[in-house]
Each structure stands twice: as structure tokens, then as C-alpha cells.
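Here is what each chain is made of, one letter per residue.
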Amino acid sequence: MQQTDETGSLHETVLLVDDEDHILATSSLCLRASGITRIETLNDSREVLPLLERQPIAAIVLDLHMPQLSGKELLPKIVHDYPQTPVILMTASDDIQTVVSCMKAGAFDYLVKPVESSQLVSQVRKALEIRGLSSELALLKQRLLTDNLENPKVFASIVTSDKAMRAIFQYVEVVARTRQPITITGETGVGKELIARAIHTLSGTTGSYVPVNIAGLDDNMFSDTLFGHRKGAFTGADQAREGLIEKAAGGTLFLDEIGDLNEASQVKLLRLLQEREYYPVGSDLLKKSDARIVLATNHDLQEMLAAGTFRKDLYYRLFAHRIHIPPLRERVDDIPLLLDHFLGTAAASLDKKKPTPPPELAVMLGLYHFPGNVREIEGLVFDAVARHTSGIISMESFRAVIGDQRPQTLAMSSSVTDESKPLIEHFGHFPTLTEVEAYMIDEAMELAQGNQGLAAKMLGIGRQTLNKRLRKVVTERE
């Protein structure tokens, strides 16, 4: 038995089984050249089942006719005991009855000897993709059913209590080790790179994390930045230079703003994702890449697809795994957390004591739509802390940028126009405490646009207390 040197994940190991050593050698070399580098080889079929008991195997290429124990005898045992592991059969005869029999027994596919290199690579890649998707689905079901995070520390830099964000973290834990590209979408400033860094940390790769913003790069700059160039490739290329894809070998390449790529660059990116190969500028020497690729964009790729500015084949290749990060306005419960977090980090960076925010600040921020998302609130807080001298932080710097959100909301609510009237005039009699409480709760919920967290802050009570009182008000009105 021989194990090749590799950089891939343990769960992506491919097992080659054949009694002819030269076939094992050529098949292994062919797969390694295509970027499938973790390979086990066996020339004795009796060792297959003991090996499967010792370690996980992602896919098996099995010769049908071997001495001692044939592939035909092994196949049903593997399918029964390891149903998630696809088995590709190799046979010297193209007998249709044998092929049909093996496919009915559970074979993933079959290849007829002599096998062309492209066919072998294609079938193994398909088998690995199927195995990967099956494993991811099982893990995702487990995460969602248990609502657990195995690596919460990895996401510590992302300040949130939002359920949708937690579901994203669970999904990231499941897909982080896949070899398929992962595309992160979301508006500017939502934290796409933080998710990309978390994917890299969880991926188990040993190489570097290499981020690059490709917005504004023409095709020549895109090719040179990613793929490098050979000496003399163009005027001024006095020496060869490796591209960022090479620096990310064994690690993660993060390509931000892929929606800005022109068509020529899209073709090159597609080849890199699909074949894991590229040409340095000015070179006819094909290079292979084992870098994990994560991509991001704030564009709507479906709209670009419809407009004909984004290639269909690239679009479908990108969406093997997609993570969409919701904008801050859809997770307003995170605003008080982010406010507190950035007050602390801003004060520390400016060597100041952490200031105290007025209670109405979180409410005002919660009513703002934040087009710049988390990055915008970070900038607002840092600017306010820089201007701050002592005591409670002023709201003026916030109002200067976002305006006073409360009057605008009040103007939208006809029921609030009575706010300045005496209570007796409003109720038609001197109200009871219960009536006033119900009125205040209604007004707070109206101002907070139905968000209980913000309404509770306006009322100066906890969210659970507000929830109980809301139920009480509903019960009394019924």
C-alpha cells in the first residue's frame, strides 16, 4: 500500500485498487497532475475492507477483475457498509450485461480500459463532488437540528445575536472544508470578508489567506495580479513574478468584487475554478493550483446574468455554495451590540475611557436604514468617540450624518399627533395606570416599527418584560 504526499483534506482521499502496479502508477500520476493529490493505492483487493475500517475514503476506483477477491464481489459489500462512498469500476471488457449488473449493485459509474486520462479525472471529480454534497447535507441537518456551533470562537469577531447570522455560521462550519468555490453575497459593509476569514480558519488548510479586491482591474491587470508573469512578458517585466494564486497555494484566495470583472477575465476565472489551472502572463507553461477559492460581490449577479454582463457558465459554477449576509436594517437587534462593541474598540484605539451612550441613541440608530451597514455604524461611532471629551457621548455627530430619525417616524404616524395633548383630552377621562401603560406600549411599538428590542429600550424595560406586557394588553382587549 502506498500513500501519496498531499495537501488535501483527509475526507477527500481517493482509493485506487488494481492488481496491476503500472495501472496504479499511471492513474495516480494522472490524478495528481489534475490537482487530486490525496491518493491511496492497493494492489491486493483483500486489503480494501480493512482499510475502509481504519480511515475515511471519499471515492474508490476499483478494478472489476482481480485475483483472490474480485471487484464484483467487493462492490456489494462496500455499497452496504459504506453507502456514502461512490465506487467507480474499471473493466477491460465492455460487456453490457456486466455493466448493467454492476450499476444495479450500486456502482457510481464505470470506465473501460484503457482509460483516457480526461475520463478518469472527470469521473473522480464528479464522485468527489457527490460525496462532498452528501456529507455536507448530513452535517447541515445535524447542525440545524441541534442548533449547535462547534467553533464559536472562529466567529467571535462578528458581533451579532441574530438568528439568521447564527444559521450562516452553522452553514459555514459545514461547507468550510469543501473544495467547491464559496460565493458570499451582500451589500457593502455587511462583513463579507469576516465570513471569508472564518471559512479559511475552519477549512483546515495549512497555507496563507490571501485577499484581493479585483474591482477596477482590467483583464491585463487581473491576469498579472492573479497569475503572475514570466520575465520579458511585457515592457517593464524585468523579472518573473508569481501571482497571488501561487501565494495562496495550500491556503485560501479571497476574490472580492467579482461582479466587476469583464468578460475576458470571467473566462479565465471560470477555467481556474473548473480546471484548477492557469497560464502566467506571457507563458505557455500550464500551472495547477490547489488554492481554496472564496469569492464575494455586492452586485446582484442574477440581474447581471439577465442583462448579459455575467457569463451563465461562471454563474452556475459559483453557486455550488452561496452565503448571503443580510443587511443591518434587517437585523436591528444587533445595533445596540455593535454600538457597545465599537464604543469599546474606538475608545481603546484612541486611548480614551469608554464613553456612556444615551439610551435614545440606540433607538435613533435602530430607525436609520444604514446603507453602509456595519462599516457605516463603525465609522459613525469612531468619529463620535474622537470628538468626545467626557461623560455621556453626544448625539450631535450622529444627527449630523443620519438626521433625527424620531420626528420623521412620528410624522408618518397619525396616532402620534395627539402626543402633545393632555392625557384627559386624549382619553376623554382621567386614565388609569393600565390605560397609560397600554398607550405607551402602543406608541413605543409604533415608533420602533414593530421591533420589540427597540421599543423596550424606549420604555426603559427589558425585552422579556415588554413581551409579557404586550400579551397582557392583548388579553385585556379581548
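The preceding data block contains the structure.
In this report, we go over the structure that sits alongside the text. (Residues numbered from 1 in each chain as written. Predicted model: local features only at pLDDT ≥ 70, side-chain atom pairs only at ≥ 80, totals over all residues. Heavy atoms only, no water.)

### Looking at the overall build of the protein
For the protein, the count of helices and strands is 21 helices and 15 strands. In terms of overall dimensions, the protein is more spread out than a globule: its C-alpha atoms have a radius of gyration of 30 Å, far above the 23 Å expected for 478 residues. In terms of its C-alpha atoms, the protein occupies a principal-axis envelope of roughly 100 × 65 × 45 Å. Here the protein, with 478 residues, has 46% of them falling under the buried criterion. In the protein, 69% of the contacts between residues at least 6 apart in sequence involve partners at least 24 apart. Put simply, the protein shows about 24300 Å² of open surface, and 52% of that area lies on carbon and sulfur atoms. (Helix = DSSP H or I, 4+ residues; strand = E, 2+ residues; numbered from the N terminus. Rg over C-alpha atoms; globule rule 2.2 N^0.38 Å. Buried < 20%, exposed > 50% of the residue type's maximum accessible area, 1.4 Å probe, protein only. Contact = heavy atoms within 4.5 Å. Areas by Shrake-Rupley, 256 points an atom, 1.4 Å probe, with all protein chains shown as cover.)

### Observations regarding helix α10 (residues 263-275)
Over its 13 residues, α10 runs 18 Å from end to end, which matches the ideal 18 Å to within 8%, given 1.5 Å per residue. Among the residues of α10, Ser265, Gln266, Leu269, Leu270, Leu272 and Leu273 are the ones counted as buried. One side of α10 carries all its buried residues, which in axial view fall inside an arc of 165 degrees. Sitting at the head of α10, asparagine 262 places a side-chain oxygen 3.3 Å from the backbone nitrogen of alanine 264. Two residues or fewer past α10, arginine 276 is found with a positive phi of approximately 55 degrees. (Expected span 1.5 Å × (residues − 1). Arc of directions from axis to C-beta. Polar contact = N/O pair within 3.5 Å; in protein donor to acceptor, adjacent residues only side chain to side chain.)

### Topic: the packing of helix α8 (residues 219-227) against α10
Taken N-terminus to C-terminus, the directions of α8 and α10 make an angle of 25 degrees; their axes are 9 Å apart at the nearest point. In terms of orientation, α8 and α10 fall into the roughly parallel class. Handedness of the crossing formed by α8 with α10: right-handed. In contact with Asp219, Phe222, Ser223 and Phe227 of α8, α10 contributes Ala264, Ser265, Lys268, Leu269 and Leu272. (Axes fitted to C-alpha atoms, helices over the stretch in contact; angles between N-to-C directions. Parallel < 35°, antiparallel > 145°, perpendicular 65-115°, else oblique. Left-handed = near helix turned anticlockwise from the far one by under 90°.)

### Regarding the packing of aromatic side chains
Across all of its chains, the model carries six aromatic pairs by this definition. On the basis of an interplanar angle of 20 degrees and a centroid distance of 6.3 Å, the ring pair of tyrosine 209 and phenylalanine 254 is categorised as stacked. In this pair, tyrosine 209 is assigned in strand β8 (residues 209-213) and phenylalanine 254 in strand β11 (residues 252-256), connecting sequence segments 45 residues apart. Exposure class is identical for tyrosine 209 and phenylalanine 254. Each is buried. By the ring-pair criterion, three or more aromatic residues cluster together here, those being Phe222, Phe227 and Tyr278. (Phe/Tyr/Trp six-rings, centres within 6.5 Å; stacked < 30°, edge-to-face > 60°.)

### Looking at empty space enclosed by the protein
The tally for this structure, following the rule as stated, stands at five cavities of 30 Å³ or more. Taken as a whole, the largest cavity spans an internal volume of roughly 70 Å³. Every residue lining the largest cavity is listed: Arg179, Gln180, Pro181, Leu272, Leu273, Arg276, Ser289, Ala291, Arg292 and Ile293. Among the secondary structure elements, those contributing two or more residues to the lining of the largest cavity are α10 and β14 (292-297). Of the residues assigned to the lining of the largest cavity, the class counts are five nonpolar, two polar and three charged. (1 Å grid on protein atoms, 1.4 Å probe; cavity = no way out; pocket = protein on both sides within 12 Å on 5 of 7 lines; lining within 4 Å. Points joined across faces, edges and corners; volume = space filled by probe spheres on them. Nonpolar A, V, L, I, M, F, W, Y, C, P; charged D, E, K, R; others polar.)

### A word on the sheet that holds β14
Ordered by their spatial adjacency, five strands build an open sheet running β8-β11-β14-β7-β15, and the pairing between neighbours is parallel. Looking at the sheet topology across the chains shown, the edges are occupied by β8 and β15 (321-324). Each neighbouring strand pair of the sheet contributes to a mean axis angle of 20 degrees, computed without reference to strand direction. The pairing of strand β7 (residues 182-185) with β14 spans four bridges and is parallel. From the neighbouring strand, threonine 183 faces β14, where its bridge partner is leucine 295. Seen against the sheet, helix α6 (residues 163-175) touches β7, β14 and β15 and runs at an angle of roughly 155 degrees to β15. (Pairing = 2+ DSSP bridges.)

### Some thoughts on the layout of surface pockets
Computed from the structure, the second largest pocket encloses a volume of approximately 480 Å³. Lining the second largest pocket are 25 residues; nearest its centre among them are Gly189, Val190, Gly191, Leu194 and Val374. Here the residues of the lining of the second largest pocket sort into ten nonpolar, eight polar and seven charged.

### Considering the nonpolar core
Core analysis: the largest hydrophobic core is formed by 29 residues, its most contacted members being Ile214, Leu253 and Leu255. At the level of elements, β8, α8, α9 (244-247), β11, α10, β14, α11 (301-307) and α12 (312-318) are the ones that each hand at least two residues to this core. Of the residues forming this core, the biggest block, four residues, is contributed by α10. Beyond its immediate stretch of four places on either side in the chain, leucine 255 contacts Val212, Ile214, Leu226, Leu269, Ile293, Val294, Leu295 and Ala296. (Core = buried A, V, L, I, M, F, W, Y, C linked by side-chain atoms within 4.5 Å.)

### Observations concerning the pattern of salt bridges
Under the defined criterion, the tally for this structure stands at 21 salt bridges. The salt bridge partner of glutamate 275 is arginine 125, with a shortest N-O separation of 3.4 Å. Highlighted residues: glutamate 275 in helix α10 and arginine 125 in helix α5 (residues 117-146), separated in sequence by 150 residues. Residue classification places glutamate 275 among the partly exposed positions, given a relative accessible area of 29%. A salt bridge links lysine 268 to aspartate 219, with the shortest nitrogen-to-oxygen separation between them at 2.9 Å. (Salt bridge = Lys/Arg side-chain N within 4 Å of Asp/Glu carboxyl O.)

### Considering the environment of proline 357
Secondary-structure assignment places proline 357 in the loop between α13 (334-349) and α14 (359-366). Residue proline 357 is classed as partly exposed on the basis of its relative accessible area, which comes to 30%. Sequence separation between proline 357 and methionine 395 is 38 residues; the distance between their C-alpha atoms is 8.4 Å. Not counting chain neighbours up to four residues away, the residues in contact with proline 357 comprise Leu339, Leu343, Ile392 and Ile393.

### Considerations on the environment of histidine 299
In this fold, histidine 299 is placed in the loop between β14 and α11. With 249 residues separating them along the chain, histidine 299 and proline 50 place their C-alpha atoms 50 Å apart. If near-sequence neighbours (up to four positions away) are discounted, histidine 299 is found in contact with Gly259, Asp260 and Met304. Within polar-contact distance, the side chain of histidine 299 engages the side chain of aspartate 260 at 2.7 Å.

No statement about biological role is implied by the geometric values presented.
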